[in-house]
Structures are given as C-alpha cells and as structure tokens.
Amino acid sequence: MTAVRNVLISGAGIAGPALAHWLQRHGIRATLVEKAPEARTGGYAVDLRGAAVDVAERMGLLDRVRAAATGITRASVVDARGRTRAGFPTGLAAGEGRSLEILRGDLVGLLHDAADAAEYRYGDAVAALDQSSGDAVLASFQGAEAEPYDLVVGADGLHSNVRALAFGPERPYRRFLGGYVSIATVGDHLGLSGEVRLFNTPGRLVGLYRTPRAEGAKALLLHRTPHETDVDRRTPAEQREHLRAVFAGAGWETDRILSMMEDSPDFYFDSVTQIAMDGWSRGRVVLLGDAAHCPSPMSGQGTSLALVGAYVLAQELARRTDAATALAAYERRMRPYAAANQAIADDGLAFLAPRTGFGIGARNALLRSAPLLKLLGRLDRKVPRAVEAIELDTP
Ligand SMILES: Cc1cc2nc3c(=O)[nH]c(=O)nc-3n(C[C@H](O)[C@H](O)[C@H](O)COP(=O)(O)OP(=O)(O)OC[C@H]3O[C@@H](n4cnc5c(N)ncnc54)[C@H](O)[C@@H]3O)c2cc1C
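So, how was this worked out
- Residues numbered from 1 in each chain as written.
- Predicted model: local features only at pLDDT ≥ 70, side-chain atom pairs only at ≥ 80, totals over all residues.
- Heavy atoms only, no water.
- Helix = DSSP H or I, 4+ residues; strand = E, 2+ residues; numbered from the N terminus.
- Rg over C-alpha atoms; globule rule 2.2 N^0.38 Å.
- Contact = heavy atoms within 4.5 Å.
- Lys, Arg positive; Asp, Glu negative; His and termini not counted.
- Charge placed at Lys NZ, Arg CZ, Asp CG, Glu CD.
- Near = heavy atom within 4 Å.
- Polar contact = N/O pair within 3.5 Å; in protein donor to acceptor, adjacent residues only side chain to side chain.
- Areas by Shrake-Rupley, 256 points an atom, 1.4 Å probe, with all protein chains shown as cover.
- Nonpolar A, V, L, I, M, F, W, Y, C, P; charged D, E, K, R; others polar.
- Pairing = 2+ DSSP bridges.
- Axes fitted to C-alpha atoms, helices over the stretch in contact; angles between N-to-C directions.
- Salt bridge = Lys/Arg side-chain N within 4 Å of Asp/Glu carboxyl O.
- Buried < 20%, exposed > 50% of the residue type's maximum accessible area, 1.4 Å probe, protein only.

## A few points about the overall build of the chain
- Looking only at helices and strands, the chain has 14 helices and 18 strands in total.
- Taking 395 residues into account, the globule formula puts the C-alpha radius of gyration at 21 Å, and the chain, at 21 Å, falls close to it.
- With the principal axes as the frame, the chain shows a C-alpha extent of 65 × 45 × 35 Å.
- In the chain, of all internal contacts separated by at least 6 residues, the share reaching a separation of at least 24 is 73%.
- For the chain, the centre of its 46 positive side-chain charges and the centre of its 46 negative side-chain charges are spaced 7 Å apart.

Here it is as structure tokens:
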C-alpha cells in the first residue's frame with residue numbers, strides 16, 4: 001500500500017479533530033464528515049490524564065485546557081437525608097497523578113480551532129465504502145458525490161458507522177459491563193459550586209455536579225443490572241420511563257432530578273459498554289478512539305485514549321511510506337495502552353454503585369481513609385500507571 005496523503009475522517013468529536021490537527025501538521029490533507037449539524041458544545045465533564053496531557057501540550061492547547069477546566073475539586077457522598085457520609089478531593093478518585101477535567105464540548109471547541117485547516121462537512125455521513133480498486137477507498141456519502149481517499153478513519157464513537165460498514169454489526173465487539181448510565185443538564189437547585197455530590201442505594205448511583213463553565217448542573221444516574229436489555233436502543237421517552245421505574249423514590253434529591261430530566265435539552269442514555277476487537281484496520285479503513293476500543297465511562301479514560309491515539313496514528317502515517325505498515329505500527333503501540341485503560345473500568349461499577357448496603361458503607365469508609373492512605377503511599381497505583389502506559393515519541 002502506498003503512502004497516505006488524503007484522509008477522510010468520520011466523526012468530529014474528540015479523536016477526529018485531534019487527528020486532523022496532527023495530519024495537517026504532517027502535511028496530510030484531512031476531511032471530516034460529522035452527522036451532527038454543527039460542533040456540539042456543553043455536555044458532561046471528561047478527563048485528560050497522563051500521556052494525554054503531553055499530547056495536549058504538544059498541540060499547543062494545554063494553557064487553554066487549563067483555563068477551561070471545570071474547577072470541580074471536591075466530591076461528597078451523602079445519605080438519603082443529604083448528610084455527608086464521606087468527602088474527598090476529586091483528584092483522589094482520579095488516582096492522583098497528572099489530570100485535568102474539562103467539559104467535553106469545551107474540548108471539542110478547542111480541538112476544532114486546532115484543526116481549522118481541515119474541511120468539515122456537517123450534517124452528512126458515510127453511506128458506503130468500496131475498497132475493490134486496491135489503491136484507494138471510495139467513500140459514498142448521504143449528501144454528496146462519492147470520492148476516493150487514501151485512508152478512511154472511523155472516529156465516530158462507540159456506535160461507529162465506519163466500523164459497521166467495514167467490520168459488520170456492533171454486537172460481536174460489545175462487552176457489556178453490567179449497567180446503564182444517563183447524564184443530563186438540569187437546574188442547580190442545590191447551589192453547588194465546584195463540587196460533586198453522590199448518593200447511593202444498592203446498585204444505584206445518583207450524582208449532581210456544577211461547573212461555573214456551564215448553565216445549570218449535570219445529573220448523573222447509574223444503575224447496575226446483570227443482563228443487557230434493549231433499553232439503550234429505545235426512544236428517549238422510553239429511556240426516561242425506564243429510569244423512573246429504576247430510581248423513583250430512591251431518596252435524597254432523586255425524584256426532583258428525575259422530574260428535571262424530563263425537560264433536559266441534552267439527555268444522554270447508554271449502556272456501560274466497551275468495544276473489544278482483534279484488529280482495528282481492514283485494508284484502507286482504520287478505527288480510532290471509542291470506535292476502536294471504547295473503555296466505557298467507568299474508566300474515565302476514553303478522551304485520553306482518543307487524543308493519544310490520534311497523535312500516534314498521524315505520526316505513524318507521516319513516518320512510513322507504506323500505509324499497511326503504518327496502521328500495524330499504530331495498533332502495536334496503542335494496544336497495550338488501550339488494554340491497560342480498559343482494565344481500569346472493571347472495578348468502576350462496583351466502586352461507584354456497590355451492590356449492597358454493606359458494600360456502600362465499606363466503600364465510604366475507604367473514601368474517608370483515602371487521604372491517609374495517600375499520605376502513607378498506600379493508594380492503589382493501577383490508574384496512575386495505566387494513564388501513563390505509553391511512550392510518546394517526539395512529534
Ligand atoms: C456519561 C459519560 C461520561 C464520560 N466521562 C468521561 C470521563 O470522565 N473521562 C473521559 O476521558 N471520558 C469520559 N467519557 C468518554 C468520552 O466522552 C469518550 O470516550 C470520548 O468522547 C471518545 O471520543 P471519540 O472522538 O472517539 O468519540 P465521540 O466523542 O463519541 O465522537 C464521535 C463523533 O462522531 C459523530 N458521529 C457518530 N456517528 C456518526 C456518523 N454515522 N457519521 C458521522 N459522524 C458520526 C458523533 O456525532 C461525534 O461527534 C464519558 C462518556 C460518557 C457517555
């Protein structure tokens with residue numbers, strides 16, 4: 001396969017514009033096709049940790065990411081009457097180490113600014129991919145003529161369209177972790193500031209946080225269930241109904257949050273799922289970010305994997321004259337890092353939503369002792385190790 005000079009990227013979320021930035025710096029042309037009518041702003045808070053902080057710095061974005069940080073520094077676990085049962089700095093939950101938190105939409109805005117030389121096609125999607133000619137991939141669009149590209153990148157998230165077109169349906173690649181997550185903007189009726197409050201009943205978590213960067217507060221609902229159902233594929237109205245059935249009457253502010261979620265403009269609901277694949281490329285089609293290796297929100301590492309993956313893929317494409325060798329090198333470098341960060345999520349649900357009242361009490365006791373454990377150097381090092389688990393060669 002010859003070198004890559006002209007790339008189509010499906011998805012202008014995190015991984016897509018980050019890749020476009022690096023491609024343009026390496027002199028490779030990038031076109032982004034995004035199904036949404038415009039770049040999405042707002043949204044929930046995401047983390048940049050470890051190696052991803054270095055990538056943001058090499059992109060020249062670190063100061064702007066710091067300036068847009070959410071400013072959430074404290075978390076507290078409350079009981080049904082709102083009394084604090086455990087309080088801790090958020091850095092402890094993130095495993096300490098190098099970490100920055102930013103609203104996903106703010107980061108998308110910064111990444112789009114950093115990839116302003118790319119061509120953006122909003123409100124469109126890839127409809128078909130044809131690799132029969134061998135030396136190019138012909139992409140057809142829903143709203144434009146088919147065009148040949150040297151490479152097509154699926155950076156279109158957990159439910160990737162490019163993955164479906166090149167690798168087939170999602171089902172064999174899904175790894176259900178045993179829960180459903182919902183997040184939505186609601187009113188800040190508690191007057192929170194730079195704080196997240198968490199409330200548990202067995203197998204359920206209700207969270208509320210506020211950042212001065214956005215209007216209102218973000219409500220998070222997480223619940224565990226051993227079996228996957230089709231609830232994530234139902235309509236938002238049916239998903240809300242499901243949440244009412246699971247959470248109504250749970251205590252604390254839950255009923256109020258449920259009622260505010262009814263009119264939320266950005267209601268999100270999905271299963272807690274990872275993507276696990278034996279290979280991330282097929283000919284001239286390659287997957288990046290959540291499309292390739294979604295670690296699930298339980299890892300807190302999806303954004304970092306997307307940013308680092310974009311950096312590594314662009315670097316390998318620029319440094320090799322053969323596309324197949326570049327894609328193999330990208331996968332070889334990224335796989336151990338992606339695997340280490342997917343592994344973080346295994347304990348995530350059990351920690352955030354313990355199954356029993358006893359488990360909730362034990363988890364709270366652990367959180368209360370976390371500052372002391374840190375002082376004694378006894379905090380678990382799994383997360384800080386995973387977020388640094390890749391060598392970034394010089395750009
Ligand atoms: C509730 C929640 C909390 C999270 N918390 C964290 C956290 O704390 N820390 C963290 O690091 N990560 C977190 N994540 C994960 C993080 O948001 C993702 O891992 C990250 O956004 C992945 O980036 P991506 O670019 O691969 O995919 P996405 O950000 O999902 O972007 C995909 C883009 O592709 C577009 N698209 C989809 N389909 C098509 C199509 N057919 N054609 C064209 N475009 C398409 C989408 O509109 C979107 O713009 C969280 C996720 C959720 C849901």
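Let's pick the thread back up.
## Regarding the side chain of Ser-264
- Along the chain, Ser-264 falls in the loop between helix 8 (254-261) and strand 16 (268-275).
- Those residues in contact with Ser-264 that sit more than four places away from it in its chain are Ala-184, Thr-185 and Arg-240.

## Side note on the site of the ligand
- Lining the immediate environment of the ligand, one finds 30 residues, of which Ala-15, Glu-34, Arg-104, Asp-290 and Gly-300 sit closest.
- The separation between an oxygen atom of the ligand and a polar main-chain atom of Ile-14 is 3.0 Å.
- Between the ligand and Asp-290 there is a distance of 2.9 Å, counted from an oxygen atom to a side-chain nitrogen or oxygen.
- When the ligand is considered free in solution it has 1,000 Å² of accessible area, and contact with the protein chains removes 89% of it.
- Where the shell around the ligand is concerned, the elements lending two or more residues are strand 2 (29-34), strand 3 (45-49) and helix 10 (302-319).
- Each residue belonging to the shell around the ligand can be placed in one class, and the counts come to 13 nonpolar, 10 polar and seven charged.

## Some words on the sheet that holds strand 17 (residues 281-282)
- The sheet built from six strands is open, its strands ordered 7-2-1-11-18-17 with mixed pairing. Each edge of the open sheet carries a strand with a single partner, namely strand 7 (119-122) and strand 17.
- Taken together, the five bridges between strand 1 (residues 6-10) and strand 2 define a ladder with parallel strand orientation. Bridge pairing in strand 2 links Val-7 to Ala-30.
- Each of strand 11 (151-154), strand 17 and strand 18 (285-287) touches helix 11 (residues 323-344); the most contacted strand, strand 18, lies at about 15 degrees to it.

## Side note on the pattern of salt bridges
- Summed over all chains, the structure comprises 28 salt bridges.
- With a shortest N-O distance of 3.5 Å, Arg-233 and Asp-232 are connected by a salt bridge.
- Exposure remark for Arg-233: the relative accessible area of 52% places this residue in the exposed category.
- Here Glu-316 makes a salt bridge to Arg-320, at a shortest N to O gap of 2.8 Å.
- Take Glu-316: its relative accessible area is 1%, and that puts it in the buried class.
- A single salt-bridge network, built from bridges that share partners, covers Arg-163, Glu-170, Arg-171, Arg-174, Glu-228, Asp-232 and Arg-233.

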